[in-house]
Protein chains: 2
Amino acid sequence: MIVALAGGVGGAKLAHGLALAATGSGSGAQPRVIVNTADDFEHHGLRISPDLDTVLYTLAGLANAETGWGLAGDTFTTLDMLARYGVETWFQLGDRDFATHLLRTQRLRAGWTLTQVTAAFTRALGVEADLLPMCDEPIATMVETPDGALDFQDYFVRRRQTDDVRGVQFTGIEQAHIPEGVRAACAAADLIVFCPSNPIVSIGPILAVPGMRALLQQVAAPRIAVSPIVGGRALKGPADRMLAGLGHAVSATGVARLYQGLIDGMVIDQVDAELAASIEALGMRVLVTDTMMRNERDRQRLAREVMAFGAPGIS
Amino acid sequence: MIVALAGGVGGAKLAHGLALAATGSGSGAQPRVIVNTADDFEHHGLRISPDLDTVLYTLAGLANAETGWGLAGDTFTTLDMLARYGVETWFQLGDRDFATHLLRTQRLRAGWTLTQVTAAFTRALGVEADLLPMCDEPIATMVETPDGALDFQDYFVRRRQTDDVRGVQFTGIEQAHIPEGVRAACAAADLIVFCPSNPIVSIGPILAVPGMRALLQQVAAPRIAVSPIVGGRALKGPADRMLAGLGHAVSATGVARLYQGLIDGMVIDQVDAELAASIEALGMRVLVTDTMMRNERDRQRLAREVMAFGAPGIS
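Throughout what follows, the structure given in this document is the object of discussion. Per chain, residues are indexed from 1 in the order of the written sequence. Note on labels: chains are lettered from A, ligands numbered from 1, in written order. For this predicted model, a pLDDT threshold of at least 70 governs which residues receive local features, and a threshold of 80 or more governs which side-chain atom pairs are given and counted, while totals over whole chains, interfaces and linings are taken from all residues. Calculation of side-chain values draws on the structure's entire complement of heavy atoms; hydrogens and water are dropped beforehand.

**Points about the packing of aromatic side chains**
And then number 1: Two rings from Phe, Tyr or Trp (for Trp, the six-membered ring) form a pair when their centres are within 6.5 Å of each other. A pair whose planes differ by under 30 degrees is stacked, one over 60 is edge-to-face, and the rest are tilted. Under the counting rule described, the total for this entry stands at 14 aromatic pairs over all chains.
And then number 2: Taken together, a centroid distance of 6.1 Å and an interplanar angle of 50 degrees make the contact between Phe-152 of chain B and Tyr-155 of chain B tilted. With Phe-152 of chain B and Tyr-155 of chain B both in helix H6 (residues 152–158), this residue pair falls three residues apart, about one helical turn. Here Phe-152 of chain B matches Tyr-155 of chain B in class, with each residue buried.
And then number 3: With centroids separated by 5.1 Å and ring planes inclined at 20 degrees, the aromatic side chains of Phe-152 of chain B and Phe-156 of chain B adopt a geometry described as stacked. Note that Phe-152 of chain B and Phe-156 of chain B are positioned in helix H6 at a spacing of four residues, about one turn of the helix.
And then number 4: Through pairs of rings, three or more aromatic residues link up here, namely Phe-41, Trp-90 and Phe-91 of chain A. In this description a helix means any DSSP run of H or I spanning at least four residues, a strand means any run of E spanning at least two, and both kinds are numbered starting from the N terminus. Throughout, exposure labels follow a simple rule: accessible area from a 1.4 Å probe, protein chains only, divided by the maximum for the residue type, with under 20% read as buried, over 50% as exposed, and the rest as partly exposed.

**Structural notes on the relation of the copies chain A and chain B**
And then number 1: The two copies are related by a screw operation: chain A maps onto chain B through 180 degrees of rotation and 0.0 Å of translation along the axis, at an RMSD of 0.0 Å. Classification of the inter-copy transformation places it as that of a two-fold axis. When C-alpha positions in chain A are compared against the rotation axis, the closest is assigned to Asp-95 of chain A, at 3.3 Å.
And then number 2: Residue contacts follow a heavy-atom distance rule, with two residues in contact if any of their heavy atoms lie within 4.5 Å. Take the interface residues of chain A: 100% of them recur as interface residues in chain B, which is what a same-surface contact looks like. Copies overlap after least-squares fitting; the atoms used are the C-alpha atoms of residues with pLDDT of at least 70 in both.

**Let's talk about the interface of chain A and chain B**
And then number 1: Of the residues lining the interface, 29 residues belong to chain A; the matching set on chain B comes to 29 residues.
And then number 2: We define buried area as the total accessible area lost by two parts upon association, computed with a 1.4 Å probe and summed across both. A buried area of about 2500 Å², summed over both sides, lies between chain A and chain B, and 68% of it is on carbon and sulfur atoms.
And then number 3: We count a salt bridge whenever a side-chain nitrogen from Lys or Arg sits within 4 Å of a carboxyl oxygen from Asp or Glu. For the pair chain A and chain B, the number of links is zero salt bridges.
And then number 4: Identification of polar contacts relies on pairs of N or O atoms within 3.5 Å, with a donor-acceptor requirement for protein atoms, meaning one able to donate a hydrogen and the other able to accept it, and with residues adjacent in sequence counted only if both atoms are side-chain atoms. For the interface between chain A and chain B, the tally reads four residue pairs in polar contact (both at pLDDT 80 or more).
And then number 5: Every element with two or more residues in the side of chain A that touches chain B is listed here: helix H2 (50–59), helix H3 (77–84), helix H4 (95–109) and helix H5 (114–124) of chain A.
And then number 6: With 10 residues, the top contributor of residues to the side of chain A that touches chain B is H4 of chain A.
And then number 7: Residue composition of the side of chain A that touches chain B, grouped by class: 16 nonpolar, seven polar and six charged. When residue character is reported, Ala, Val, Leu, Ile, Met, Phe, Trp, Tyr, Cys and Pro are called nonpolar, Asp, Glu, Lys and Arg charged, and the others, Gly included, polar.

**Some remarks on the sheet that holds strand E8 (residues 167–171) of chain B**
Residue and element names in this part refer to chain B.
And then number 1: By this definition, two strands are paired if DSSP reports at least two bridges between them. Strand order in the open sheet made by the three strands is E7-E6-E8, with antiparallel pairing throughout. The outermost strands of the open sheet, each flanked by one partner alone, are strand E7 (148–151) and E8. Between one strand and the next, the sheet's axes are offset by a mean angle of 30 degrees, whatever the strand orientation.
And then number 2: Sheet topology places strand E6 (residues 140–145) next to E7; four bridges connect them, and they run antiparallel. Bridge pairing links Glu-144 to Ala-149 in E7. A fitted line through C-alpha atoms represents every axis, and for helices the fit uses only the stretch in contact; the resulting angles, taken between N-to-C directions, go from 0 to 180 degrees.

**Comments concerning unusual backbone geometry**
Residues and elements named next belong to chain B.
And then number 1: Although it is not a glycine, His-44 adopts a positive phi angle of roughly 55 degrees.
And then number 2: You can see His-44 is positioned in the loop between strand E3 (41–43) and strand E4 (46–48).
And then number 3: Of note, Gln-161 is a non-glycine position whose phi angle comes to about 60 degrees, a positive value.
And then number 4: Within the element layout of this structure, Gln-161 appears in the loop between H6 and E8.

**Looking at helix H4 (residues 95–109) of chain B**
All names here are of chain B.
And then number 1: Look at H4: 21 Å from first C-alpha to last across 15 residues, which is about the 21 Å you get at 1.5 Å a residue.
And then number 2: Counting buried positions along H4 yields 12 of 15 residues, so the element is predominantly enclosed.
And then number 3: Along H4, the positions that sit buried rather than exposed are Asp-95, Arg-96, Asp-97, Phe-98, Ala-99, Thr-100, His-101, Leu-102, Leu-103, Arg-104, Thr-105 and Arg-107.
And then number 4: In the segment just after H4, Gly-111 is the residue with positive phi, at about 105 degrees. One less than the residue count of a helix, multiplied by 1.5 Å, gives the span that helix is expected to have.

Below, the structure is given as structure tokens:
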């Protein structure tokens, strides 16, 4: 059984590949995906979990591949009416997407944990993989910029990631607990995969849950990261600018350094082949391959390569 | 200035007629409509105010005339997705309608009163009449049936009003207060109109707010009711069956008796002309006319007739 750590789009794609590979292998051991929830926020009175939803919709085959968020073919009728009431609608939420947020909010208010809510969603949408929120406590990512501290979605969506990033804080993380399902998944894992998600604001918060780094240091399973930086750029989102702003190298090597001590191997893109030696010098193995996930076939191929590289016995 | 007491569809139509008449007269004195909120309820974690919304949408020209609820041309994408999550969707809520409930819920949670929320909605949708919730406290209508007490929407929507009604309770009404705007409206009124709404569960709750009956007994303005019972039947909804179940005459006379002491005159349909004498015997004046509101012209005509009958000086 494979455990994946994932944020939004890139993480969702590889998690989907791992799920497809498990289905294809007939082993029935679907992956368990630990998902970042630090960019969750309240909007229109609803609890929005962008990364959980991106992974959920992607694994359910419902994701909008063009935008990277929301559901394919969704409409925006509710949002248009909210605009008519004079409400700010810079965060796009489709009509079908609203159902997810409505039900999540209602169930959280009724006392369900986010873990329980998410498990019910996966079952309802026919997703066999387990989606595990990194914690059940609400965490808020704050981005420090020259204009002051910004709520993450303000920085990410409304201001389109144009601000320089001088620091990142995960408010509430000190009080967070590793959910039992996350702990059990790590203990039972044959392989742990750090998906190609933003190391600062997607994988970073997962690692910041108290006890999570120690847990990952102690697991028996090999731990492999797939670089989200290819050719010195993020495949999607602001990871490259964030790394630069925070003084890290904007490269697979920079990512490897961030994960040093937590991973045994790194998967980097073929365009970065020349970085292999510098990463191996950090005490890791390196796989150089095509890490682009243009379609489902790519997702599954990369998943199989990561599995073969990390834990040859299970692939 | 005219004050109207209204529930859902029938009340909304006459309130719309009064608003059209005010606009047509050029006086600029738009009606103030006191609206039943006792069938408000929570659904999908949202606060739904069916009668307020029917009046709001009707006066905004957005109502769905065919169904009597919701917005014309609304879609049901969110509800379909909720169904996919396994949620019961017997209460139909359209995508545009959801925006109203979302924003209402968010604002109530933020500390707005229902009165303030409703005022903002009317302004946003260009409604010039004032919509005044009968109170700002949440009230729940419970319907006593042979199968036990039912939540109002359970009785009304899910079970399609098929249960015998043995009693009606407005839970929480003892703690309700007359909002200042309702008190001021009644004091300033030139005419008070009881719209042709269900006397038990639409007008009844308004009259049950502590102090409301006394307020209506003391006002200087003439008070006129339009019968919602025509030819022994309710024009819409279960008013006829409710009246029968509770031991009242199912007729304009039965309605007049319920309002005795609170009104000075009754407007009844031409098919009920023979009831005029029995109603006059209760100490009221009676206007016999065509009370059917098939279109906007009918609404405005009936409004003008009610105004001329009740307070000739202002029409």
